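# Architecture and fold: a report
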Amino acid sequence: MDNRPIGFFDSGLGGLTSVYELHKMLPEEKVIYYGDTARTPYGSKSPETIKKFATQIVDYLVSKDTKMIIIACNTVTSWALDSLRERYPDMPILGVIGPTVRKVVNDGCTKVGVLATKATVNSDVYGKSLKALDPDIEVHSLACPAIVPLIEEGFTDTEIMDLTVRHYMDDFVEKTDVHDLILGCTHYPLIAKHIRKHYPHIRLYSSSAEVIGEAAELLREKDMLAHDSDRQDRYYASDLSENFISMTDLLFAGTDFRVKLKSLDE
């Protein structure tokens, strides 16, 4: 048994979708979440900047006596996972990409689309990881730079988002004929309904959900599951935007949580 919290972080509010999945699967686990809302989005930033920001955040989460770190961000996972594991070799640090790739390959998918930020697409981490497990798999990646800012600004349930999704995906789906689609950004489960509406034949894989399944397995294996009915999560953000607070209210209504401002700039 280990009642210490699990640390989550993301460039903004998208990683809250992973926390939501954790609460569904393991309701007694406590969470410390850091959303870097003042410096979002990460998807258009350089790998060096992404690594710097990620290191600052993980240093902070580790100082809070966390038992595990979940990088609830595909962009950070693609560029900083290895360096963070080197910095903290005794801390379980999970990224969202590996669990998602393993699920897709285990399901026998043959033609896969990847919807992601520019940084994740440029790293080709999904293509390389999928082909490492199945050299015959066909992978098509699509960068959608406008989606994260729109979500962060509260345009999720609007016609603007609907048109943006179609703007990116109509030609992509027609040209590639993908059968399965990885939502390669933890913000993207928030637009899954738009995708399902226009492309109902495509099966969706959420990186937000897949990492939680792997985290639960690891916690059980190491006998680190929490048994604490008095769960009290803590949420920190580098900018307490109205959208961040609205998203916590939407996903965690009825939950006892606190949101605090915390800047990590040097």
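Predicted, not measured: the structure shown is a model, and the values here were computed from it. (Residues numbered from 1 in each chain as written. Predicted model: local features only at pLDDT ≥ 70, side-chain atom pairs only at ≥ 80, totals over all residues. Heavy atoms only, no water.)

## A look at the overall build of the protein
Note the cut-off: The secondary structure listing takes helices from DSSP runs of H or I that are at least 4 residues long and strands from runs of E that are at least 2 residues long, numbered from the N terminus. Throughout this description, buried means an accessible area under 20% of the type-specific maximum (1.4 Å probe, protein chains only), exposed means over 50%, and partly exposed covers the range between. By definition, residues are in contact when any of their heavy atoms lie within 4.5 Å. Working convention for charge: Lys and Arg count positive, Asp and Glu count negative, and His plus the chain ends are omitted. A charge is said to be at NZ when it belongs to Lys, at CZ for Arg, at CG for Asp and at CD for Glu.
Of regular secondary structure, the protein possesses 11 helices and 10 strands. For the protein, the C-alpha atoms occupy an extent of roughly 50 × 40 × 35 Å along the three principal directions. For the protein, the proportion of its 266 residues judged to be buried stands at 55%. Restricting the contact set of the protein to residue pairs at least 6 apart, pairs at least 24 apart contribute 77%. Of the side-chain charges in the protein, 30 are positive and 41 negative, and the distance between the mean point of each set is 2 Å.

## Describing the pattern of salt bridges
Stated formally: Counted as salt bridges are all cases of a side-chain nitrogen of Lys or Arg within 4 Å of a carboxyl oxygen of Asp or Glu.
Tallying each qualifying case throughout the model produces 13 salt bridges. As a salt-bridge pair, Lys67 and Glu29 come within 2.8 Å of each other at their nearest N and O atoms. Note that Lys67 is positioned in the loop between α2 (47–63) and β3 (68–71) and Glu29 in the loop between α1 (16–25) and β2 (31–35), a separation of 38 residues in sequence. Residue Lys67 is classed as buried on the basis of its relative accessible area of 1%. What makes Glu29 buried here is its relative accessible area of 1%. The closest approach of N and O atoms between Arg39 and Asp36, which form a salt bridge, is 2.7 Å. Take Arg39 and Asp36: they sit in the same class, and that class is buried. What emerges from the salt-bridge pattern is a single network uniting Asp2, Arg4 and Asp65.

## Regarding the packing of α2 against helix α3 (residues 74–87)
Put simply, the test is: Interaxial angles span 0 to 180 degrees and are taken between N-to-C directions of axes, which are lines fitted to C-alpha atoms, for helices over the stretch in contact. An angle below 35 degrees is treated as roughly parallel, one above 145 as roughly antiparallel, one from 65 to 115 as roughly perpendicular, and anything else as oblique. Left-handed describes a crossing whose near helix is turned anticlockwise from the far helix through less than a right angle; right-handed describes the clockwise counterpart. Under the scheme applied here, ten amino acids are nonpolar (Ala, Val, Leu, Ile, Met, Phe, Trp, Tyr, Cys and Pro), four are charged (Asp, Glu, Lys and Arg), and all others, including Gly, are polar.
With their axes 9 Å apart at the nearest point, α2 and α3 run at an angle of 55° to one another. What the angle tells us is that α2 and α3 run oblique. Between α2 and α3 lies a crossing whose hand is right-handed. Taken together, the residues of α3 that come into contact with α2 (itself represented by Pro47, Ile50, Lys51, Ala54, Thr55, Val58 and Asp59) are Thr75, Val76, Trp79, Ala80, Ser83, Leu84 and Arg87. Class assignment of the residues belonging to the contact of α2 with α3 gives a composition of 8 nonpolar, 3 polar and 3 charged.

## Notes on unusual backbone geometry
Here the residue pair Thr40 and Pro41 is connected by a cis peptide bond, since its omega of 0° sits within 30 degrees of zero. Note on placement: Pro41 falls in the loop between β2 and α2. Backbone geometry places Asp124, a non-glycine residue, at a positive phi of 55°. Mapped onto the elements of the fold, Asp124 is located in the loop between α5 (118–123) and α6 (125–133). A positive phi angle is found at Asp223, which is not glycine, with a value near 55°. Turning to its location among the elements, Asp223 is positioned in the loop between α10 (207–221) and β9 (233–237).

## Some words on the environment of Phe155
Here Phe155 lies in the loop between α7 (147–152) and α8 (159–176). Taking the C-alpha atoms as reference points, Phe155 and Leu225, separated by 70 residues in sequence, lie 37 Å from one another. If near-sequence neighbours (up to four positions away) are discounted, Phe155 is found in contact with Leu150, Ile160 and Met161.

## Details of the packing of aromatic side chains
Selection rule: Each Phe, Tyr or Trp ring, with Trp reduced to its six-membered ring, pairs with another whose centre is within 6.5 Å; inter-plane angles below 30 degrees give stacked pairs, above 60 give edge-to-face pairs, and intermediate values give tilted ones. Any Lys NZ or Arg CZ found within 6 Å of a ring centre and within 35 degrees of that ring's normal is scored as a charge over the ring.
Taken as a whole, this structure holds 4 aromatic pairs when the rule is applied. Taken together, the ring pairs connect Tyr34, Tyr60 and Tyr236 into an aromatic cluster. Over the ring of Phe53 we find Arg39; its NZ or CZ atom is 3.7 Å from the centre of that ring.

## With respect to α10
Which entries qualify depends on this criterion: Expected span of a helix, by definition, is 1.5 Å for each gap between consecutive residues, and there is one gap fewer than residues. Residues adjacent in sequence count toward polar contacts only when both atoms are side-chain atoms; beyond that, a polar contact is any pair of N or O atoms within 3.5 Å, and within protein one must be able to donate a hydrogen and the other to accept it.
Relative to the 21 Å expected for 15 residues at 1.5 Å per residue, α10 spans 22 Å between its end C-alpha atoms, a close match to the ideal helical length. Among the residues of α10, Ser207, Ser208, Val211, Ile212, Ala215, Ala216, Leu218 and Leu219 are the ones counted as buried. Between the side-chain oxygen of the N-cap and the backbone nitrogen of Ser208 there are 3.2 Å, and the N-cap of α10 in question is Ser206. Remark: Asp223 follows α10 within two positions and exhibits a positive phi of approximately 55°.

## Examining the packing of helix α4 (residues 97–106) against α10
At a closest axis distance of 8 Å, the pairing of α4 and α10 adopts a crossing angle of 95°. Relative to α10, the element α4 lies roughly perpendicular. Of α10, the residues touching α4 (which contributes Pro99, Thr100, Arg102 and Lys103) are Ser207, Glu210, Val211 and Glu214.

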